[in-house]
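# Results of the structural survey
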Protein chains: 2
Amino acid sequence: MPNKKEIIVGIDLGGTSIKALAVDGRNKILAMGKKKTELGHKPKVLIKEIAKLVEDTAKEAGVKIKGVVAVSIGAPGAIDVRRGVVTEAPNLHWKNVPLASELRLLLGTPVMVDNDVNVGVMGEHALGAGERVDNLVGIFVGTGIGGGIILGGKLFEGANGWAGEVGHTVIMVDGPMCGCGRRGCAEALASRTAIERDIRGAIEAGAKSAVIEIMEERGKDRITSSVLQAALAKNDPVVKQVMKRAELYLGILVGNIVNTLDPQRVIIGGGIASRLGENFVGPIRAAAYEQFLHAGSAKLTKVMAGSLGDDAGALGAVVLARKRMRL
Amino acid sequence: MPNKKEIIVGIDLGGTSIKALAVDGRNKILAMGKKKTELGHKPKVLIKEIAKLVEDTAKEAGVKIKGVVAVSIGAPGAIDVRRGVVTEAPNLHWKNVPLASELRLLLGTPVMVDNDVNVGVMGEHALGAGERVDNLVGIFVGTGIGGGIILGGKLFEGANGWAGEVGHTVIMVDGPMCGCGRRGCAEALASRTAIERDIRGAIEAGAKSAVIEIMEERGKDRITSSVLQAALAKNDPVVKQVMKRAELYLGILVGNIVNTLDPQRVIIGGGIASRLGENFVGPIRAAAYEQFLHAGSAKLTKVMAGSLGDDAGALGAVVLARKRMRL
């Protein structure tokens with residue numbers, strides 16, 4: 001049984017916002033902190049902001065920073081896990097940033113870093129929709145599509161630490177251009193970015209939609225998950241059509257994963273799934289079932305929404321810290 | 001060190017032919033037997049033929065059937081490995097055939113059965129192109145496309161024994177119909193069957209090709225690997241074009257596998273690869289490299305032809321037997 005007093009601060013470092021959770025040894029959330037990710041400065045400036053957020057969140061949880069046994073961060077991009085360096089994070093405009101050592105200098109606590117999707121999947125596995133399941137795949141649908149694989153109860157990293165990039169598997173040869181420079185990746189077809197592109201395309205082509213109005217009402221310049229939700233509540237035909245297609249693509253992706261890895265569970269996480277829940281995951285599941293080669297998979301392989309919502313990343317970072325430090 | 005005298009007969013049971021290898025404890029092939037797969041009778045008739053082939057091959061190796069410590073079979077289709085039952089093998093028109101127990105009754109030796117592609121990958125892993133590599137994926141391109149995954153040095157079977165069906169991952173949404181009833185699977189785009197369909201389609205549409213002539217010369221009614229080889233030697237434009245496209249699709253499949261699993265090696269096996277070798281695998285590798293998300297994969301992940309050729313299945317069955325019986 002972990003010591004209840006062993007408080008860890010988990011950080012979900014995203015391109016839009018930074019979330020911190022102070023969690024006790026029994027995984028109870030004691031305090032939450034959040035701030036916008038201010039880009040456009042040197043990495044050091046953002047790292048200072050993260051340090052301040054950690055201190056504030058610890059304070060709110062009733063401990064000084066010296067009472068925090070570890071700070072653990074999920075960061076978007078390629079991470080050198082051993083050295084705690086963010087090798088490349090396009091969303092942060094970071095390259096070779098020694099995040100762990102810089103933050104350790106500022107805070108004096110042990111700091112560890114891993115990929116945000118990997119820690120999100122670890123969070124869902126240990127504390128969320130993956131509890132008590134040893135083999136699962138997590139797919140996080142957001143700005144991009146990330147994935148993480150748990151085999152035998154452990155994060156499966158592959159030979160070089162690059163496993164799990166299911167968002168960059170091609171499901172449509174010669175399909176639309178992906179952010180990675182290739183064509184027809186799942187990410188280019190069904191990420192929030194692809195959904196936004198298709199909705200805007202339909203509107204520009206003259207289709208009637210309430211989306212622009214909803215964005216203006218809410219002061220958003222992007223088609224966020226909340227905008228999608230509001231448009232679906234209004235039965236918006238363009239959004240309905242585009243979402244239906246994205247759900248089909250995601251179902252095909254889930255089918256490919258199940259036919260390749262035969263996991264016990266596939267968990268759909270990320271912003272859209274957090275917000276729309278079963279309305280999003282239900283159609284993905286139905287489309288996936290059509291793809292399963294073995295009829296039995298439909299009975300034996302669960303396709304479900306993540307249960308930690310926006311907390312998956314920060315909680316997963318806490319799980320990671322506990323594993324690494326054997327707490 | 002295994003006992004040199006522990007002779008095992010490995011069988012590769014295919015829809016076209018049955019191959020038997022009698023192998024000693026140091027994996028030396030002592031004798032080979034082969035016969036056509038006669039379908040159209042009850043399963044028992046074919047099982048009797050297999051028994052006779054085992055006896056003949058053992059005899060040629062200089063041992064009586066009592067001197068054979070195990071008979072091990074790779075069979076095409078879904079296998080209940082524990083009970084040695086071929087649950088479903090469309091190529092043999094078999095359903096729920098208790099192959100192991102029937103053959104054990106006839107021969108008096110221990111008999112084990114596993115999926116042909118799984119044993120083929122085990123063979124390449126233990127004795128062929130996968131030697132000394134712990135994480136690899138094998139793709140066997142033939143009538144269909146099968147796959148097998150080795151992780152941590154062991155066959156990875158998934159939660160229900162269904163892992164590795166990479167031939168039935170969709171790479172072209174709404175693509176051509178696959179034998180599995182779905183659309184756009186890799187198998188529907190790049191198996192020998194798909195290649196044959198596309199060559200015949202082009203010829204029917206009026207394209208000039210020497211393929212029909214080559215088939216007649218050789219008395220073949222199908223476009224086999226040897227027909228493909230002969231046509232390529234003649235620089236046949238239709239075959240060149242269709243093969244180029246199939247190699248591109250296979251490269252995309254390899255890319256999807258590498259981006260998902262980050263293995264050390266991908267081995268391309270099966271009839272076409274055995275026959276064409278690097279002429280087939282080279283273009284697949286080049287197309288795959290274009291797909292790798294991590295630039296480093298091109299340096300670190302080898303894409304290569306299997307080295308056991310037609311022996312992969314029967315040798316892999318021997319490897320399987322030795323693992324199961326701890327010989």
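Rules and cut-offs
- Residues numbered from 1 in each chain as written.
- Chains lettered and ligands numbered in written order.
- Predicted model: local features only at pLDDT ≥ 70, side-chain atom pairs only at ≥ 80, totals over all residues.
- Heavy atoms only, no water.
- Helix = DSSP H or I, 4+ residues; strand = E, 2+ residues; numbered from the N terminus.
- Buried < 20%, exposed > 50% of the residue type's maximum accessible area, 1.4 Å probe, protein only.
- Lys, Arg positive; Asp, Glu negative; His and termini not counted.
- Salt bridge = Lys/Arg side-chain N within 4 Å of Asp/Glu carboxyl O.
- Polar contact = N/O pair within 3.5 Å; in protein donor to acceptor, adjacent residues only side chain to side chain.
- Contact = heavy atoms within 4.5 Å.
- Buried area = accessible area lost by both parts, 1.4 Å probe.
- Nonpolar A, V, L, I, M, F, W, Y, C, P; charged D, E, K, R; others polar.
- Core = buried A, V, L, I, M, F, W, Y, C linked by side-chain atoms within 4.5 Å.
- Pairing = 2+ DSSP bridges.
- Axes fitted to C-alpha atoms, helices over the stretch in contact; angles between N-to-C directions.
- 1 Å grid on protein atoms, 1.4 Å probe; cavity = no way out; pocket = protein on both sides within 12 Å on 5 of 7 lines; lining within 4 Å.
- Points joined across faces, edges and corners; volume = space filled by probe spheres on them.
- Disulfide = S-S within 2.5 Å.
- pLDDT = per-residue confidence, 0-100.
- Expected span 1.5 Å × (residues − 1).
- Least-squares fit on C-alpha atoms with pLDDT ≥ 70 in both.

Residues and elements named next belong to chain B. Mapped onto the fold, R265 is located in strand 12 (residues 265–269). No salt bridge forms around the buried R265; measuring N to O, its nearest opposite-charge neighbour E131 is 7.8 Å away. Within the structure, R265 has its side chain in polar contact with the backbone oxygen of A129 (distance 2.4 Å). Contact partners of R265, with chain neighbours within four places excluded, come to A129, G130, E131, V133, N135, L136, V137, T301, K302 and M304.

Here the focus is the interface of chain B and chain A. On the chain A side, the residues contacting the 41 residues of chain B number 41 residues. Carbon and sulfur atoms make up 60% of the area that chain B and chain A hide from each other, which totals about 3600 Å². Together, B:W162, B:V173 and B:D262 form the three largest contributors to the area buried by chain B at its contact with chain A, with a combined 19%. Remark: the boundary between chain B and chain A carries two salt bridges. The salt bridge involving B:D174 is made with A:R245; its shortest N-O contact spans 3.3 Å. On inspection of chain B and its partner chain A, the count reaches 28 residue pairs in polar contact (both at pLDDT 80 or more). Those elements that place two or more of their residues in the side of chain B that touches chain A are strand 10 (145–151), helix 8 (237–261), helix 10 (278–291) and helix 11 (297–300) of chain B. In terms of residues, the side of chain B that touches chain A owes the most to one element, helix 8 of chain B, which gives seven residues. Grouping the amino acids of the side of chain B that touches chain A by side-chain chemistry returns 19 nonpolar, 15 polar and seven charged.

On to the nonpolar core. The biggest cluster of nonpolar side chains holds 102 residues, and the ones touching the most others in it are A:I139, A:I268, A:F280, B:I139, B:V254, B:I268 and B:F280. Each residue touching A:I139, except ones within four places of it in the same chain, is listed here: A:I145, A:G146, A:G147, A:V166, A:L253, A:V254, A:I257, A:V266, A:I267, A:I268 and A:G269. With 34 residues, the next largest nonpolar core counts B:A20, B:A22, B:A61 and B:V111 among its residues.

In this fold, A:S191 is placed in the loop between helix 4 (186–190) and helix 5 (192–204). Discounting residues that sit within four places of it in the chain, A:S191 has contacts with A:V141, A:G142, A:T143, A:G144, A:I145 and A:A186.

Now for the environment of B:R82. Relative to the helices and strands, B:R82 resides in the loop between strand 5 (78–80) and strand 6 (85–89). Along the backbone, B:R82 and B:M112 are 30 residues apart, and their C-alpha atoms lie at a distance of 8.6 Å.

What follows deals with the sheet that holds strand 8 (residues 111–115) of chain B. The strands making up a sheet associate through backbone hydrogen bonding, with each pair oriented either parallel or antiparallel. Residue and element names in this part refer to chain B. With mixed pairing, the five strands of this open sheet are ordered in space as 3-2-1-4-8. Each end of this open sheet is capped by a strand with a single partner; those strands are strand 3 (29–36) and strand 8. For this sheet the average axis-to-axis angle between neighbouring strands, irrespective of direction, equals 15°. The pairing of strand 1 (residues 7–13) with strand 2 (residues 17–23) spans six bridges and is antiparallel. Of the residues in strand 2, the one forming a bridge with V9 is A22. Against the sheet, helix 2 (residues 99–107) touches strand 1, strand 4 (68–75) and strand 8, its axis set at about 150° to strand 8. Running at roughly 130° to strand 1, helix 12 (residues 312–324) makes contact with strand 1, strand 2, strand 3, strand 4 and strand 8 of the sheet.

With that settled, the discussion passes to empty space enclosed by the protein. Counted according to the given criterion, the structure contains three cavities of 30 Å³ or more. Estimated volume of the largest cavity: approximately 130 Å³. Around the largest cavity sit A:V166, A:T169, A:L253, A:N256, A:I257, A:T260, B:V166, B:T169, B:L253, B:N256, B:I257 and B:T260, which together line it. Put simply, the parts of the chain that give the lining of the largest cavity at least two residues each are helix 8 (237–261) of chain A together with helix 8 of chain B. Roughly 40 Å³ of internal volume is contained in the second largest cavity. Lining of the second largest cavity is provided by A:E124, A:F140, A:I268, A:G269, A:G270, A:A273, A:S274, A:G306, A:G309 and A:A312. Sorting the residues of the lining of the second largest cavity by element identifies strand 12 (265–269) and helix 9 (271–276) of chain A as the ones contributing at least two each. Partitioned by chemical class, the residues of the lining of the second largest cavity number four nonpolar, five polar and one charged.

A few words now on the state of the cysteines. Counting across every chain of the model gives zero disulfides over all chains. Looking at the unpaired A:C178, the closest cysteine sulfur is the one in A:C180, lying at 3.8 Å.

Of the residues in chain A, 99% have a pLDDT of 70 or more, and the chain-wide mean is 95. For this predicted complex, the interface score ipTM comes out at 0.93, alongside a pTM of 0.93.

Residue and element names in this part refer to chain B. Among the eight residues of strand 4, seven are classified as buried, and the element is accordingly described as predominantly covered. When strand 1 meets strand 4, the two strands line up parallel, connected through six bridges. In the strand pairing of strand 4, I7 is matched with V68. Both strand 4 and strand 8 contribute to a ladder of five bridges, which runs parallel.

Another aspect to go through is helix 12 (residues 312–325) of chain A. Residues and elements named next belong to chain A. When the terminal C-alpha atoms of helix 12 are compared, their 20 Å separation across 14 residues agrees well with the 20 Å that a helix rising 1.5 Å per residue should span. Of all 14 residues making up helix 12, 11 are buried, and the element is well covered by its neighbours. Those residues of helix 12 that fall on the buried side of the exposure criterion are A312, G313, A314, L315, G316, A317, V318, V319, L320, A321 and R322.

What follows deals with the relation of the copies chain B and chain A. Note on the chain copies: they are related by a rotation about an axis and a translation along it. Once turned by 180° and shifted 0.0 Å along the axis, chain B lies on chain A with an RMSD of 0.1 Å. As the rotation angle and translation indicate, the two copies are arranged about a two-fold axis. Here 100% of the contact residues of chain B are again contact residues in chain A; the copies associate through an equivalent surface.

All names here are of chain A. Within this structure, the stated rule accounts for 20 salt bridges over all chains. Taking the shortest distance from any N to any O, the salt bridge between D56 and K52 comes out at 3.1 Å. Taken together, the residues D56 and K52, both in helix 1 (residues 43–60) and four residues apart, mark about one turn of the helix. On the basis of relative accessibility, which here comes to 36%, the residue D56 falls in the partly exposed class. Taking the relative accessible area as the measure of exposure, K52 reaches 44% and is therefore partly exposed. Through salt bridges with shared partners, one network takes in R192, E196 and R200.

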